[in-house]
Structure formats: structure tokens, C-alpha cells
2 protein chains.
Amino acid sequence: MSVINIQEKFNLFSDYWSPKKIGELNEQQILLAKIKGEFVFHKHDNEDELFMVQKGVLEIHLRDKIITINEGEFYIVPKGVEHKPVAKEEVFILLFEPLTTKHTGDIVANITVEAYESI
Amino acid sequence: MSVINIQEKFNLFSDYWSPKKIGELNEQQILLAKIKGEFVFHKHDNEDELFMVQKGVLEIHLRDKIITINEGEFYIVPKGVEHKPVAKEEVFILLFEPLTTKHTGDIVANITVEAYESI
């Protein structure tokens, strides 16, 4: 494989809520996403999911509280925990999760992406 | 768990070649390290290893070429591939690898750390 420049990968797409795969190792994948607005509440029964903010401010709404993640910070949503990403303004995120992780977890919504494009 | 600020975690230590654990998910760990100078050639027979540069310029020497990784870039060393990290000046890196990954892989050197401190 080659060296991956994260910002250059972000420059390759502009659609929201559609993660792009930029790396894979040990049955895990590294995804980039641009998001704006509200996602849907969902959970992943068997996978923890890491959200690292590259630009902007990400809120992760849990059922009992709101987690705020700023640029240069990350948060791990444990398996089984319902969560809803919310971006009041455009946010760029890096995700780290198992290859088996479904986009909207235990639900299917209009927003659901079945297979991620590699860029 | 709480939100992790990567720069704040870097501020907590100054020793070189001694990775600190800042997160764990799906049997994988997220480590931070400050490095300067040359490591030793080693390999991990069963684990891919991701090097993401947070500050400075990292060289990964392979047996047949040198990979240069700048700030905001990452590189995945595939399992079984001999590699030697080299930092001509101080470099801050984030590592992503399975919990089972040994510091210096298939060898033991003076530099080897057996268990990583969590910070």
C-alpha cells in the first residue's frame, strides 16, 4: 500500500453521510465521512466504533446525554450503545471500526449505505 | 469512557520509544508515542500496524525502500513485513494495532517495552 494523506482523501468527495474507505487492517477499516445535520439513532450490537474529528464539532447524542467532540479529539461508542451523530455545521470525521460494522447498525433508513466506496 | 484530546495526551509524557495507551476497542489499541532516532528492524507475524504522524516526519525503513510519512498522513505496515521506524527529528505518532502486538515484534532489544502504560 501507499502513504495516505487524510486531507487529500477528504478533497475527493463532497457527499454527506456516505463514508469512504481509506484503509483496512486486522479486519478493521478506516473510513472518512463528511456530515451535516442529524443522523438516526442506532446501535451496533457487536462492534465498538471510534469517531475522530478532523474538522468542526461533532455531537454524539446518547439516550441520556450529549457527547461533544472537537477537532483533534475522539470518542469510542461501545457496542450496544444507541447513538446519533449530529453536526450543526459541516464536520469531517475519521471512523475506525470492524469491517463487519453496518452503517446504521440495527436499523435501515433512507440514509443507509450498504457498501462503502474505497477512495 | 470520555472524550480523548490527542494533544493533551501527548502533553502528559516526554519519554521516547515508549508507547502510551489512550484507547481500546474491538481488541485493538490506540497508542501514542514520541520518537527520535532509530528503532530496530522487527516484524509482527500476525498483526498489521498503522502509523499516523501527528507531528514531524517519520521514515519507515523497509528492507528494500524507505517510506516517508508526513504530518496528517498514515501508513499501514502489513503483517510479516520487516520495518524500522526512523525519526531524524522528534516525531509524534499515533499507532493503531491489535492488543496482541508486541513492541519490537519478533525480537527483544534494550528498547523493548513489555507492557504499555495507559494515560
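Everything quoted here is computed from the prediction, not taken from an experiment. (Residues numbered from 1 in each chain as written. Chains lettered and ligands numbered in written order. Predicted model: local features only at pLDDT ≥ 70, side-chain atom pairs only at ≥ 80, totals over all residues. Heavy atoms only, no water.)

What to know about the pairing of strand 5 (residues 58–61) of chain B
The side chains of a regular strand alternate between both faces of the sheet. Residue and element names in this part refer to chain B. The alternating pattern of strand 5 places Leu58 and Ile60 on one face and Glu59 and His61 on the opposite face, and all of these are buried. Here strand 5 runs beside strand 6 (residues 66–69); their pairing, made up of four bridges, is antiparallel. Residue pairing in the sheet places Ile60 in a bridge with Ile67 of strand 6. Here strand 5 folds back onto strand 6, and the loop between the two strands holds four residues. Inspection of the sheet shows strand 5 paired to strand 8 (residues 84–98) by three bridges, in the antiparallel sense. Bridge pairing links Glu59 to Val86 in strand 8. (Buried < 20%, exposed > 50% of the residue type's maximum accessible area, 1.4 Å probe, protein only. Helix = DSSP H or I, 4+ residues; strand = E, 2+ residues; numbered from the N terminus. Pairing = 2+ DSSP bridges.)

Topic: the interface of chain A and chain B
Where interface size is quoted, it is often the accessible area lost as the parts come together. Across the contact, 30 residues belong to chain A and 30 residues belong to chain B. Carbon and sulfur atoms make up 67% of the surface buried where chain A meets chain B, a total of about 2400 Å² over both sides. Together, Met1, Asn26 and Phe74 of chain A form the three largest contributors to the area buried by chain A at its contact with chain B, with a combined 26%. The tally of links from chain A across to chain B stands at zero salt bridges. Put simply, chain A and chain B have eight residue pairs in polar contact (both at pLDDT 80 or more) between them. Across the side of chain A that touches chain B, the residue classes break down as 17 nonpolar, eight polar and five charged. (Contact = heavy atoms within 4.5 Å. Buried area = accessible area lost by both parts, 1.4 Å probe. Salt bridge = Lys/Arg side-chain N within 4 Å of Asp/Glu carboxyl O. Polar contact = N/O pair within 3.5 Å; in protein donor to acceptor, adjacent residues only side chain to side chain. Nonpolar A, V, L, I, M, F, W, Y, C, P; charged D, E, K, R; others polar.)

Some remarks on the UniProt feature "domain: Cyclic nucleotide-binding" (unreviewed entry) in chain A
Using the residue numbers shown here, the UniProt feature "domain: Cyclic nucleotide-binding" (unreviewed entry) corresponds to residues 37–75 of chain A. Taken as a whole, residues 37–75 of chain A contains 0% helix and 51% strand, while its terminal C-alpha atoms sit 19 Å from one another. (UniProt positions renumbered as here; feature names shortened; annotations may be inferred.)

Overview of the relation of the copies chain A and chain B
Note on the identical chains: chain A maps onto chain B by a rotation of 180° and an axial translation of 0.0 Å, with an RMSD of 0.0 Å. Viewed as a symmetry operation, the transformation between the two copies matches a two-fold axis. Looking at the interface residues of chain A, 100% of them are also at the interface in chain B, so both copies use one shared face. (Least-squares fit on C-alpha atoms with pLDDT ≥ 70 in both.)

Some thoughts on the side chain of Lys84 of chain B
Residue and element names in this part refer to chain B. Note on placement: Lys84 falls in strand 8. A residue is classified by how much of its surface remains accessible, and Lys84, at 14% relative accessible area, is buried. Of note is the side chain of Lys84, whose polar atom sits 2.7 Å from the side chain of Glu38. Those residues in contact with Lys84 that sit more than four places away from it in its chain are Glu38, Phe39, Val40, Phe41, Glu59, Ile60 and His61.

Considerations on the environment of Val57 of chain B
Counting through the fold element by element, Val57 of chain B comes out in the loop between strand 4 (49–55) and strand 5. For the pair Val57 of chain B and Asn110 of chain B, spaced 53 residues apart in the sequence, the C-alpha separation amounts to 24 Å.

With respect to the packing of aromatic side chains
Scanning the model with the defined rule gives seven aromatic pairs over all chains in all. Each ring, one from Phe10 of chain B and one from Phe92 of chain B, has its centre 4.7 Å from the other, and the planes form 25°; the classification is stacked. In this pair, Phe10 of chain B sits in helix 1 (residues 6–10) while Phe92 of chain B sits in strand 8, placing the two residues 82 residues apart along the sequence. Both residues of the pair, Phe10 of chain B and Phe92 of chain B, belong to the buried class. By way of ring pairs, the aromatic residues Phe10, Phe13 and Phe92 of chain A are connected into one cluster. For the cation-ring pair, Arg63 of chain A lies above Phe41 of chain A, with the distance from its terminal atom to the ring centre recorded as 3.8 Å. (Phe/Tyr/Trp six-rings, centres within 6.5 Å; stacked < 30°, edge-to-face > 60°. Lys NZ or Arg CZ within 6 Å of the ring centre and 35° of its normal.)

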